[in-house]
Amino acid sequence: MREERKLFDKKILAEAAKDSFAKLNPKTLVRNPVIFMVAIGAALASILFSVDLSRGNFSSFNFQIIVWLWFTVFFANFAEAIAEGRGKAQSESLRKQRTSTIARKLVNDHEEKIPAVDLRINDLVVCETGDIIPADGEVVKGIASVDESAITGESAPVIRESGGDRSAITGGTKVISDKIIIRITANPGDTYLDKMISLVENAKRKKTPNEIALSILLSGLSIIFLFVVITLRIFVQYHNSGDASLLNSVSIPILVSLLVCLIPTTIGGLLSAIGISGMDRLLNHNVIAMSGRAVEAAGDIDVLLLDKTGTITLGNRMATEFVPAPGTTEKYLADAAQLASLADETPEGRSIVVLAKEKFGIRGRNIHELNARFIPFSAQSQMSGVDIQAAENSEERIIRKGSIDAIRKYISEESNLHISSNSDFLFTQMIGVDISLAGGTPLIVVENKKVLGVIQLKDVVKGGIKERFAQLRKMGIKTVMITGDNPLTATSIAAEAGVDDFIAEAKPEDKLKKIRDEQANGKMVGMIGDGTNDAPALAQADVGIAMNSGTQAAREAGNMIDLDSNPTKLIEVVEIGKQLLMTRGSLTTFSIANDVAKYFAIIPAITAALYAAGPAKGPLSVLNIMNLSTPQSAILSAVIFNAIIIILLVPLALKGIKYRPEGAEAILKRNILIYGIGGLIVPFAGIKLIDVVITMLGII
Amino acid sequence: MFELYELIQVVIFFVLLIVVSPFLGSFIANVANGHKNFLSPVLTKIEQIIYKFCRINPAEEMDWKVYTLSLLFFNLFGMIVLVLLQLLQSYLPLNPMNLPNVELTLAINTAISFVTNTNWQSYGGETTLSYFVQMTGLAVQNFLSAASGIAVMFVIARAIKIKKGNGLGNFWIDLVRITLYVLLPLSILLAIVLVSQGVVQTFSSYTEVTTLEGYKQMIPMGPAASQIAIKQLGTNGGGFFNTNSSFPFENPTPFSNFLEMLSIILIPGALVFAFGKIVGSKRQAWMIFGVMLFLFVISFACSAAAEYSHNNIFQTSGIMEGKETRFGILNSVLWSSATTAASNGSINSMHSSLSPVAGMFALLNIQLGEIIFGGVGSGLYGMLLFIFLTVFIVGLMIGRTPEYLGKKIEAYEIKWTIIAVLLPGIVILLFTAIALSVNAGLSSIANKGPHGFSEILYAFSSAAGNNGSAFAGLNTNTFFYNLMISLGILIGRYGVIIPVMAIAGSLVKKNITPVSQGTLHTDSLLFGILLTGVILIVGALTFFPSLAVGPILEHFLMQRGIVF
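What counts and what doesn't
- Residues numbered from 1 in each chain as written.
- Chains lettered and ligands numbered in written order.
- Predicted model: local features only at pLDDT ≥ 70, side-chain atom pairs only at ≥ 80, totals over all residues.
- Heavy atoms only, no water.
- Helix = DSSP H or I, 4+ residues; strand = E, 2+ residues; numbered from the N terminus.
- Buried < 20%, exposed > 50% of the residue type's maximum accessible area, 1.4 Å probe, protein only.
- Contact = heavy atoms within 4.5 Å.
- Areas by Shrake-Rupley, 256 points an atom, 1.4 Å probe, with all protein chains shown as cover.
- Axes fitted to C-alpha atoms, helices over the stretch in contact; angles between N-to-C directions.
- Parallel < 35°, antiparallel > 145°, perpendicular 65-115°, else oblique.
- Nonpolar A, V, L, I, M, F, W, Y, C, P; charged D, E, K, R; others polar.
- Phe/Tyr/Trp six-rings, centres within 6.5 Å; stacked < 30°, edge-to-face > 60°.
- Lys NZ or Arg CZ within 6 Å of the ring centre and 35° of its normal.
- Pairing = 2+ DSSP bridges.
- 1 Å grid on protein atoms, 1.4 Å probe; cavity = no way out; pocket = protein on both sides within 12 Å on 5 of 7 lines; lining within 4 Å.
- Points joined across faces, edges and corners; volume = space filled by probe spheres on them.
- Patch = residues over 30% accessible without salt bridge, like charges linked within 9 Å, V, L, I, M, F, W, Y side chains within 5 Å.
- Salt bridge = Lys/Arg side-chain N within 4 Å of Asp/Glu carboxyl O.
- Buried area = accessible area lost by both parts, 1.4 Å probe.
- Polar contact = N/O pair within 3.5 Å; in protein donor to acceptor, adjacent residues only side chain to side chain.
- Arc of directions from axis to C-beta.
- Right-handed = clockwise from strand over helix to strand, strands pointing away.
- Expected span 1.5 Å × (residues − 1).

**Digging into the overall build of chain A**
Helix and strand content of chain A: 24 helices and 22 strands. The 700 residues of chain A split such that 55% are buried. A fraction of 70% describes how many contacts in chain A between residues 6 or more apart in sequence connect residues 24 or more apart. In the structure as shown, chain A presents an accessible area of about 28600 Å², 58% of it carried by carbon and sulfur atoms.

Below you can see the structure in the form of structure tokens.
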């Protein structure tokens, strides 16, 4: 994870201020109905004001109202611009890199140099040491080490090769050795980078389903308030037919002020900033989302399916222990095992060499000096080993290692020994069963058909994963491990990793079935995978997170890509999804609760003069419970509060409300207390305070 | 102040309501689910005959569109029949007073009003409509409009219960079963008791008597008891006589008054438990019932306090103006609260004479959307709309996409919910504003100032909320008001029913999310409080300005000794 950035960067602030003006364009404004309504009101009041001005009437009150109405629009734009700015800053450097990249396109076997942006799907491109990969693609020929730090922040280079599970390659990364040919898999504009950028730019951003629903709610409320305000003018008119001076209390600027105060401008102004900064936070965790919808869905995940290999475990079985047979020392066993593995280039073989070295300091010996004949692993014998004749006359050491079944066959076949009477073998068989039970794989080592002992191979669970799963459980997410292993092995790894459930001996279609079953039960399913055979499951899942290290097929099927290839990243994704919704909900509640205080500021201001007898105030001045000094200052205070609160809440919109994994009731109580009850009280204090200041300054 | 026996009677009222509602609700749920009940042995045969006669296929399931269209066409057909009956009244039998044909706009207004369960009456029953029209027209619609409302509530309940389905039941079957198993038996029972108390039930013509003062007076008669029973039970409220249940032949004794009052809320209260049983959550029903009861008690208590409070002008407390001495203040206020909370609209006192604050609560009860018990069926589906809103806002606050009883509440549901909440509110505000802006509207007002304003506001609130009660004072039998009120009623009824049905159509198709650690429980006290908050805030935000320049202004003026 990158270090936490500063919330406000000077450059971003300046840029955002400029953008806020550009966003005054009606075409842009109309995307946000609530703020659009404010702008129309402000424009209407401005026009009337200039008409008045041209007739030589200047109203300081109207002027100030209009200024603050425009500030309201400007502040909302500013909130959005600043969120965009932060998101863009993140992706800007990547974009620059890519647009200036020159691609070496292969046309009829010779190279042509074209700008990367002109590449299309299925073009073939050559990349050599030092070249920047021009676009997302798949390696079709060759193998190369690639520096992906530009995207992942991880400095260690990774291997990308044709065929298999490591063929996908991302635009913007850099080849640091060798030469590869890449088939382009994305048109410009469709690459991950482009998708990422479009999620943090409001103009291109598609609203998420929940955002749409909330926008409908906010627009609906705004329409109600529009009718409230329009009809209020007629209601007041009814009461003073003939008295023109009373109509001043329902003048257009005042009615617009009331409308702007009532419609949910706080959440309306911050809505897109919340959405954009959510995507931005995701980027900050090195996760690319293909859509905002997926991020929202992540907050709802009930079940998380994880492929065992490569996600829960490191993926390779490693030697973890030597168990000698009676009469053999552990060191002797280790020595023999190492000898038998010297020429074994599989990860398992190498891990045996390493373990012997770590435990007993037995160094790898030079194969050629040993006068040894290596027996490579064959599918038929299921064994590998070495025949060593150290000196001319000395006895030949014939060492073999292999599975229990293979060794049994090997011993009983070439001699007439009865396996059942071989106590050493029976012993090792017992050990072997124990190892299997514990989730490991036993390999038996024999020398000259005498059983030396057992090597325990184990799939190693990634560090710290248990704690992360515990955290997921706290969030109410059930983890299910999927593995092709037998149930014994699966049980043990499941226990070690701390998953809630597992499916053993799973075929690829089992993953898909499990997801469909859970979905049929109404659950939201997340799936994390990396292999090509995970692709259908990733596509079926509500949230499919593909590891960046995975295949192109997997990355295309998922709706999120984790650039760090860290399966527990889901925790952050879920948190961000929940934060998004919580921030929206809380600010909506706050916004609506605010209206109560604004009513008590503006309604008495409008109606106080009704049935006022001479110097006595009208009966409805009783409603002025805040005791605001004059009707004008009351209205202006409400409008100023309404505008300023948007700016004050920008940091909250950008950071999101803190999520803690706890029950729904507890979260709800806290947020209701802060944003519901707080939303009722704060504006009373705020409006009163502004009124006091205004009165002191005497600007009304 | 009130007497102890009055208080005891109020307590009995609430205890009976709380005790009886769950049992009746459970029975109604059985009717909705088509299960056998204790009436089945008698009624199943009749039910089968009706299906056979009307060629209804009991196995046919309707999706929301077919169901809605069936309901709309059925209601339209009812309106046409009702208009024709009124227009041809003088040619039809059972018209002992030889009442003439009804004028067209009034006939349309009355037809719309009765088919939509509103029962707004711009006419006086005994001077306008014959026994025949009252019996075959109005009484029949009293049953059918109530059944229509309950049917819609069944549909939305089923939509929440059914997992990934399409069919929502069969409108004709729901209509027949509700009428046959619920409304008819209860009405017969109540009618008989009412007759025992002295409510008239006769075909004889009006009687002319000489009063003690020596004046001649016409005493109206008619088959009233049968119509009054369903008028109270089906939240219809349209009186047989002009002065509704304040008239001795419609509501003679304190006991009949008690029964009629309880009948107003009985079925709406029971339907909450029917809903709970259909969706399989008793606790859910208690939460909804609790919120309704709370709002009702608050409204009743505040109204009563206002009625008993000291009046500056008369230097006394407990004004009896507009109330019946048979019932007294407390029973008048309890009735006015019940009839406006439930969308009934029958009255036993004149709401125009209520103190401004009590009048305001009557208004607010209607304006909140007739969801405090509300009309039969309509009260509950209206309340569900507010639950959807609450679930949506509150659901976001816990960081999950909102769901209610496992069904996701998404953009589509929110869109229709907003429309259904918006339309009645707009009708109330906009139509009032229009009436205030034209002569045709202003000339009908009886009182000046805020009281006159309240008269108009109340009329359109009553129309949009399908309540049907009048503030009185306003002459609404004019071309302008007959038309505007008819329009308001139609929007208030179908502007909610269609959205609710659309939501049902969408919900029924959805999967049910199982309860998990992160699920927001909607049957908790906390949720009940939040739901109450949303109802009050949305309601208050919409209507506070209009109430401020109406009853609130009148109240403060009255304290200064200014009346209108």
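Structure shown, so let's carry the discussion forward.
**Brief notes about the packing of helix α21 (residues 570-607) of chain A against helix α18 (residues 525-559) of chain B**
For the pair α21(A) and α18(B), interaxial distance at closest approach is 11 Å and the crossing angle is 5 degrees. Viewed along their axes, α21(A) and α18(B) adopt a mutual orientation that is roughly parallel. Each of I592(A), D595(A), V596(A), Y599(A), F600(A), I603(A) and T607(A) in α21(A) lies in contact with α18(B), whose residues at this interface are I537(B), A540(B), L541(B), T542(B), F544(B), P545(B), A548(B) and V549(B). Split by residue class, the contact of α21(A) with α18(B) holds twelve nonpolar, two polar and one charged.

**Thoughts on the packing of aromatic side chains**
Taken as a whole, this structure holds 38 aromatic pairs over all chains when the rule is applied. The interplanar angle of 70 degrees and the centroid separation of 4.8 Å between the aromatic rings of F235(A) and F453(B) together place this pair among those described as edge-to-face. Here F235(A) is found in helix α7 (residues 209-239), whereas its partner F453(B) is found in helix α16 (residues 449-464) on a different chain. Ring plane angle 75 degrees and centroid distance 5.6 Å describe the contact between F289(B) and F373(B), whose orientation is recorded as edge-to-face. Within this pair, whereas F289(B) is found in helix α10 (residues 282-308), its partner F373(B) is found in the loop between α12 (356-367) and α13 (378-397), the two being separated by 84 residues in sequence. Taken individually, F289(B) and F373(B) each receive the classification buried, so the pair is uniform in this respect. Counting every residue linked through ring pairs, the aromatic cluster contains F13(B), F14(B), F258(B), F273(B), W286(B), F289(B), F296(B), F300(B) and F373(B). Here the basic side chain of R177(B) rests over the ring of Y181(B), its NZ or CZ set 4.8 Å away from the ring centre.

**Here's the deal with the sheet that holds strand β20 (residues 525-529) of chain A**
Residues and elements named next belong to chain A. Across the sheet, which stays open at both edges, the seven strands sit in the order β10-β22-β21-β20-β11-β18-β19 with mixed pairing between neighbours. The outermost strands of the open sheet, each flanked by one partner alone, are β10 (287-289) and β19 (501-503). Recorded for the sheet is a direction-independent mean angle of 20 degrees between the axes of neighbouring strands. Both strand β11 (residues 303-307) and strand β18 (residues 478-482) contribute to a ladder of five bridges, which runs parallel. Residue pairing for β18: L304 is matched across the bridge by T479.

**A short note on empty space enclosed by the protein**
All names here are of chain B. The final tally for this structure, using the stated rule, is nine cavities of 30 Å³ or more. Volume-wise, the largest cavity comes out at about 370 Å³. As for the largest cavity, its lining consists of 29 residues, of which L368, G369, A420, P424 and V496 are closest to the centre. Elements with a minimum of two residues in the lining of the largest cavity: α12, α13, α14 (411-437), α16, α17 (479-507) and α18. Residues that form the lining of the largest cavity fall into these classes: 15 nonpolar, twelve polar and two charged.

**A look at a nonpolar patch on the surface**
A surface patch of nonpolar side chains, about 820 Å² in accessible area, is lined by L4(B), L7(B), I8(B), V11(B), I12(B), V15(B), L16(B), V19(B) and F23(B). Locating I12(B) in the fold gives a position in helix α1 (residues 4-33).

**Regarding the environment of V176(B)**
Residues and elements named next belong to chain B. Within the secondary structure, V176 sits in helix α7 (residues 171-197). The exposure class assigned to V176 is buried, which follows from its relative accessible area of 13%. Expressed as a C-alpha distance, the spacing of V176 and F143, which sit 33 residues apart in the sequence, is 10 Å. Residue contacts for V176: discarding those within four places in its chain leaves E47, I50 and Y51.

**A closer look at the sheet that holds strand β8 (residues 174-177) of chain A**
Residue and element names in this part refer to chain A. If you trace the three strands from one edge of the open sheet to the other, you get β6-β5-β8, paired in antiparallel fashion. The open sheet has two edge strands, β6 (158-161) and β8, and neither has a second partner. Averaged over all adjacent pairs, the angle separating strand axes in this sheet is 50 degrees, with direction ignored.

**Considerations on the interface of chain A and chain B**
Between chain A and chain B, the residue contacts involve 62 residues of the former and 61 residues of the latter. Between chain A and chain B the total buried area reaches about 5200 Å² when both faces are included, carbon and sulfur atoms providing 77% of it. Put simply, chain A and chain B have two salt bridges between them. There are eleven residue pairs in polar contact (both at pLDDT 80 or more) connecting chain A and chain B. Within the residue set of the side of chain A that touches chain B, elements represented by two or more residues are α7, α16 (465-474), α18 (508-520), α21 and α24 (664-697) of chain A. Counted by class, the side of chain A that touches chain B contains 35 nonpolar, 16 polar and eleven charged residues.

**Here we look at α16(A)**
Residues and elements named next belong to chain A. Regarding α16, the residues found buried are I465, F469 and L472. Within α16, the buried residues cover an arc of 50 degrees as seen down the axis, which keeps them to one side. α16 presents E467 and K474 as exposed residues on the side facing more than 90 degrees away from its buried surface. Remark: G476 follows α16 within two positions and exhibits a positive phi of approximately 85 degrees.

**Re the side chain of S486(B)**
Relative to the elements of secondary structure, S486(B) occurs in helix α17. Those residues in contact with S486(B), other than ones at most four positions away along the chain, are I108(B), N109(B), I112(B) and Y481(B).

**What about the layout of surface pockets?**
Empty space within the largest pocket amounts to approximately 1100 Å³. Elements with a minimum of two residues in the lining of the largest pocket: α21 and α24 of chain A together with α10, α12, α13 and α18 of chain B. Take the lining of the largest pocket: its biggest share by element is 17 residues, from α18(B). In terms of residue class, the lining of the largest pocket is built from 38 nonpolar, six polar and one charged.

**So, unusual backbone geometry**
A positive phi is found at N627(A), a non-glycine position, where the angle reads about 55 degrees. Structurally, the position occupied by N627(A) is in the loop between α21 and α22 (631-648). With a phi close to 55 degrees, R55(B) is a non-glycine residue in the positive phi region. Positionally, R55(B) belongs in the loop between α2 (40-54) and α3 (64-87). By relative accessible area, R55(B) is classed as exposed at 78%.

**Side note on the pairing of strand β1 (residues 207-210) of chain B**
Residue and element names in this part refer to chain B. Note: β1 against strand β2 (residues 216-219), four bridges, orientation antiparallel. Each bridged residue has a counterpart across the sheet, and for V209 the counterpart in β2 is Q217. The antiparallel pairing of β1 with β2 creates a hairpin that spans five residues between the two strands, and G214 there sits at a positive phi of about 95 degrees.

**Quick look at the pattern of salt bridges**
Taken as a whole, this structure holds 38 salt bridges over all chains when the rule is applied. Sharing partners across several salt bridges, the network here consists of D300(A), D302(A), R400(B), E403(B) and K408(B).

**A closer look at the pairing of β18(A)**
All names here are of chain A. By the criterion of burial, β18 is predominantly enclosed, with four of the five residues buried. Pairing between β18 and β19: three bridges, direction parallel. Directly across from I482, in β19, lies its bridge partner I503. Following the backbone out of β18, through helix α17 (residues 487-497) and into the adjacent parallel β19, one traces a crossover that is right-handed.

**A few points about α13(B)**
All names here are of chain B. With 20 residues, α13 should cover 28 Å at 1.5 Å per step; its first-to-last C-alpha distance of 29 Å lies within 8% of that length. α13 sits mainly inside the fold: 20 of its 20 residues count as buried. Looking at the residues trailing α13, positive phi occurs at G399, about 80 degrees.

**Observations concerning the packing of α3(B) against α7(B)**
Residue and element names in this part refer to chain B. Taken N-terminus to C-terminus, the directions of α3 and α7 make an angle of 55 degrees; their axes are 9 Å apart at the nearest point. The angle between α3 and α7 falls in the class oblique. Along the contact surface, α3 presents Y67, S70, L71 and F74, while α7 presents F171, W172, D174 and L175. For the contact of α3 with α7, the residue count by class is six nonpolar, one polar and one charged.

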